[in-house]
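Residue-level structural notes
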Amino acid sequence: MIRSMPAAVLALLLAGCTSEHPGDTGSVFRHFSIVDGAVAVHAEGIADAMVDADGGLTIAGNAIATGAGQRQLLARYHDGILQLRSDGVAVGRAGIRTAGKAIGSVVAGLVSGNPDKIEAKVDARAREVEQRVAELCDTLRGIRSTQDAIAAQVEAFRPYATITADDAGHCR
C-alpha cells in the first residue's frame, strides 16, 4: 500500500508540508509557490507568472490583459493550487497519524504476543493516507486540465503550462 507510492506523490507530500495560511510563502510542488496569497508559477529561464485570487495574471511585473472567461479559469487555477497545498498537508498529517499508530501497533502486538494482528491494524490506518493521496491526485489532474485550458487561450501563459501528463498520470 504505502510502500508503492510513486515518487511524484512523495514529492507532493513533502511540498504540501507548508503552512495553510494564504499569506504565507511556501512551495507547492515544483511548479508553484504561494506568495502573499497569490500563486507564483515557475518556468525555467523566465520570470514567474503571478496569479491572484481574482484571476489576475502578472508576468515580470506586467499585468496581462485577459477576458472574463480567462480570469475565471485563472481564478480556478489559483484556487486549485491552494487546494493542492491543503491536500498535501492533509496527506502529511494522515501519514504522521498512521506512523504513530503503526509504532503503537507494533509495540502492542509484540508485548501482547499477537504480532499477527499488527499488519491488519497498520493497513486499516494506511487506507486513510491512500484516500488523501487520491484526493491530492484528483486535484492535480484538475489543475492540469485548467492549466491546459488557460494555455490554449492566453498565449503569455503557455510557457508556464509545465504540469505534464506524466505528473498528473503518475500521481497515484
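Our subject in this report is the structure included herewith. (Residues numbered from 1 in each chain as written. Predicted model: local features only at pLDDT ≥ 70, side-chain atom pairs only at ≥ 80, totals over all residues. Heavy atoms only, no water.)

Re the overall build of the chain
For clarity, the cut-off: Elements are defined by DSSP. Helices are runs of H or I of four residues or more, strands are runs of E of two residues or more, and each kind is numbered from the N terminus. The classification of residues rests on relative accessible area computed with a 1.4 Å probe and restricted to protein chains. Under 20% of the type maximum is buried, over 50% is exposed, and intermediate values are partly exposed. Working rule for contacts: check all heavy atoms of both residues, and any pair within 4.5 Å makes them a contact. Every accessible area reported is derived by Shrake-Rupley at a probe size of 1.4 Å, with residue values counting cover from the shown protein chains alone.
Regarding its fold elements, the chain presents 4 helices and 6 strands. Start at the N end of the chain and walk to the C end: the helices and strands fall as α-β-β-β-β-β-β-α-α-α. In the chain, which comprises 172 residues, the proportion classed as buried is 39%. Taking the contacts inside the chain whose residues are at least 6 apart along the sequence as the reference set, 60% of them involve residues at least 24 apart. As presented, the chain carries roughly 8,900 Å² of accessible surface, and 55% of it is formed by carbon and sulfur atoms.

What about the nonpolar core?
Nonpolar side chains in soluble globular proteins tend to be buried together. Just so we agree on the cut-off: For this analysis, a nonpolar core means a set of buried residues of the types Ala, Val, Leu, Ile, Met, Phe, Trp, Tyr and Cys, connected via side-chain atoms within 4.5 Å.
Counting residues in each nonpolar core, the largest one holds 30 residues, and the members touching the most others are Phe-32, Val-41, Leu-57, Tyr-77 and Phe-157. Of all the secondary structure elements, the ones that give two or more residues to this core are strand 2 (32-35), strand 3 (38-41), strand 4 (49-51), strand 5 (57-59), helix 2 (68-112) and helix 3 (118-153). Beyond its immediate stretch of four places on either side in the chain, Phe-157 contacts Leu-57, Tyr-77, Gln-147, Ile-150 and Ala-151.

Some remarks on the pattern of salt bridges
To be explicit about the condition: Here a salt bridge means any side-chain nitrogen of Lys or Arg lying within 4 Å of a carboxyl oxygen belonging to Asp or Glu.
Scanning all chains against the criterion turns up 2 salt bridges. For Asp-138, the salt bridge goes to Arg-141, with nearest N and O atoms at 2.6 Å. Taken together, the residues span about one helical turn, with Asp-138 and Arg-141 both in helix 3 at a distance of 3 residues. Given a relative accessible area of 42%, Asp-138 falls into the partly exposed group. On the basis of relative accessibility, which here comes to 33%, the residue Arg-141 falls in the partly exposed class. A salt bridge links Asp-148 to Arg-144; its shortest N-O distance comes to 3.7 Å. Here the residue Asp-148 and the residue Arg-144 both occupy positions in helix 3, the gap between them amounting to 4 residues, near one helical turn. Asp-148 gets classed as partly exposed once you look at its relative accessible area, which sits at 32%. Of the residues examined, Arg-144 reaches a relative accessible area of 25% and is grouped as partly exposed.

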